Amino acid sequence: MDLLLNAVVLGVLLGCFYAAVSLGLSVSFGLLDVPHVAHPAFLIMASYGVFFLNDSYDIDPLLAGLMITPLLFVFGLIAYRIYYETFEKRGTDAGVRGIAFLFGIAFIIEVLIILQFGVDQRSVSASYIGKAWRLGDMRIPVRLLVAFAVASALTILLTLYLSKTFMGRAIRAVAQDQEALRLMGANPVRIKQWAFGIATAVLGIAGALLIIVAPVEPTLDRAYIGRTFCVVVMAGLGSITGTLIAAIILGVAESIVLSTVGASWAPAISFAMLLAVLAIRPQGLLGRRS
């Protein structure tokens, strides 16, 4: 029972971290219908940006994540404009060709990271990394508590932005009915471009959390393709609250499997849960949000 309780607690903390790295995909794929398979590669790129600032200038990883957020926002604006002009604007087969394009972007990012930083794992230094908080017989890494707190705050802020601001409501509206939004005088393409910029910008903080939780290496994006898409699909496309719930479910499931069966089975959990959700409840836990 103690082992199970420890696994559940660590799983909840890990799940909140998974929510943070999946929030951008929840917007880009869930609300904008962009098959953003390069999302994990963008995440790893952000982590290496945090590593560079921390290693070169001794900047705290979370502060470094905030510093690169504006750059990622601009990168997201440019990336969506290229995607739209090249694929989405041309018709119904944009999905298939767009996936190939985004896979290509992911591969290019991976190669550029290897050329710049090599293939070795990279980590950051901070006062809270390596420490642990004891609760009875339970030992909880402080880095997971930091990830839990920051991921929860990020989820709340993004939820408030999408529900309380004019641009946030416009993003939800463009996911529901682009033609109606166009008749109201708004430009759906610009709104989607802004939304994709937001989805990319949040990866600044998510990338910081990733390299705080564990070291990163250039091919780590492959391990997060299944996890992030599992969380977003299981949540219900576009549901930010559902993303947090689904991520916690995945985190707890992985933690229990890791503690009882072994580490080799943990990466398969996300793909198994993704297939189960698609077969049993394809609309997700909370259904698609618009």
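Refer to the preceding data block for the structure.
Attention in this report is confined to the structure presented alongside it. Keep in mind it's a predicted model, so treat the numbers as computed, not measured.

**What to know about the packing of helix 10 (residues 221-235) against helix 12 (residues 266-280)**
Now for step 1: In contact at an axis separation of 9 Å, helix 10 and helix 12 are set at 30° when each is read in the N-to-C sense. The orientation of helix 10 with respect to helix 12, classified from their angle, is roughly parallel. Note that helix 10 runs across helix 12; the crossing there is left-handed. Note on element contacts: helix 12 touches helix 10 through Pro267, Ser270, Phe271, Met273, Leu274, Val277 and Leu278, opposite Gly226, Arg227, Phe229, Cys230, Val233 and Met234.

**Quick word on helix 8 (residues 188-201)**
Now for step 1: Compared with an ideal rise of 1.5 Å per residue, which puts 14 residues at 20 Å, helix 8 spans 20 Å between its outermost C-alpha atoms and is within 8% of the ideal.
Now for step 2: When we look at burial in helix 8, the residues that qualify are Pro188, Val189, Ile191, Lys192, Gln193, Ala195, Phe196, Gly197, Ile198, Ala199, Thr200 and Ala201.

**Regarding a nonpolar patch on the surface**
Now for step 1: Nonpolar side chains collect at one region of the surface, where Phe107, Ile108, Val111, Leu112 and Leu115 lie side by side and expose about 510 Å² of accessible area between them.
Now for step 2: Take Leu112: it is sitting in helix 4 (residues 94-117).

**Considerations on the side chain of Thr200**
Now for step 1: Note that Thr200 resides in helix 8.
Now for step 2: Setting aside chain neighbours within four positions, we find Thr200 in contact with Phe42, Leu72, Phe75 and Gly76.

**Digging into the pattern of salt bridges**
Now for step 1: What the rule picks out here adds up to 5 salt bridges.
Now for step 2: For Arg81, the salt bridge identified is with Glu85, shortest N-O distance 3.0 Å. Of this pair, Arg81 and Glu85 both sit in helix 3 (residues 61-86), 4 residues apart, which is roughly one turn of the helix.
Now for step 3: Arg81 gets classed as partly exposed once you look at its relative accessible area, which sits at 28%.
Now for step 4: Look at Glu85 and you get partly exposed, because its relative accessible area is 33%.
Now for step 5: Residues Arg222 and Glu110 are paired through a salt bridge, measuring 2.5 Å at the closest nitrogen-oxygen approach. Here the residue Arg222 occupies a position in helix 10, and Glu110 occupies one in helix 4, the gap between them amounting to 112 residues.

**Some details on the packing of aromatic side chains**
Now for step 1: Enumeration over the complete set of coordinates arrives at 15 aromatic pairs.
Now for step 2: Plain terms: the ring middles of Tyr18 and Tyr224 are 6.4 Å apart, the flat faces sit at 75° to each other, and that makes the pair edge-to-face. Of the two residues, Tyr18 is situated in helix 1 (residues 2-28) and Tyr224 in helix 10; the sequence distance between them amounts to 206 residues. We note that Tyr18, like Tyr224, is buried.
Now for step 3: Ring centres 6.5 Å apart and planes at 80° place the aromatic pair Tyr48 and Phe51 in the edge-to-face group. Within this pair, Tyr48 and its partner Phe51 are both found in helix 2 (residues 39-57), separated by 3 residues, close to a single helical turn.
Now for step 4: A relative accessible area of 2% means that Tyr48 is categorised as buried.
Now for step 5: Residue Phe51 is classed as buried on the basis of its relative accessible area of 9%.
Now for step 6: Cluster of aromatic residues (ring-pair linked, three or more members): Tyr80, Tyr83, Tyr84, Phe87, Phe101 and Phe196.

**Details of the packing of helix 10 against helix 11 (residues 240-260)**
The geometry of a pair of packed helices is captured by two quantities: the angle between their axes and the separation between those axes.
Now for step 1: At their nearest, the axes of helix 10 and helix 11 sit 8 Å apart, and the two run at 130° to each other. Looking at the two axes, helix 10 sits oblique to helix 11. Here the hand of the crossing between helix 10 and helix 11 comes out right-handed. Facing helix 10, whose interface residues are Arg227, Val231, Met234 and Ala235, helix 11 presents Gly242, Thr243, Ala246, Ala247, Ile249, Leu250 and Glu254.
Now for step 2: When grouped by side-chain class, the residues that make up the contact of helix 10 with helix 11 number 7 nonpolar, 2 polar and 2 charged.

So, how was this worked out
- Residues numbered from 1 in each chain as written.
- Predicted model: local features only at pLDDT ≥ 70, side-chain atom pairs only at ≥ 80, totals over all residues.
- Heavy atoms only, no water.
- Axes fitted to C-alpha atoms, helices over the stretch in contact; angles between N-to-C directions.
- Helix = DSSP H or I, 4+ residues; strand = E, 2+ residues; numbered from the N terminus.
- Parallel < 35°, antiparallel > 145°, perpendicular 65-115°, else oblique.
- Left-handed = near helix turned anticlockwise from the far one by under 90°.
- Contact = heavy atoms within 4.5 Å.
- Expected span 1.5 Å × (residues − 1).
- Buried < 20%, exposed > 50% of the residue type's maximum accessible area, 1.4 Å probe, protein only.
- Patch = residues over 30% accessible without salt bridge, like charges linked within 9 Å, V, L, I, M, F, W, Y side chains within 5 Å.
- Areas by Shrake-Rupley, 256 points an atom, 1.4 Å probe, with all protein chains shown as cover.
- Salt bridge = Lys/Arg side-chain N within 4 Å of Asp/Glu carboxyl O.
- Phe/Tyr/Trp six-rings, centres within 6.5 Å; stacked < 30°, edge-to-face > 60°.
- Nonpolar A, V, L, I, M, F, W, Y, C, P; charged D, E, K, R; others polar.

The quantities given are spatial measurements derived from coordinates; they are silent on function.
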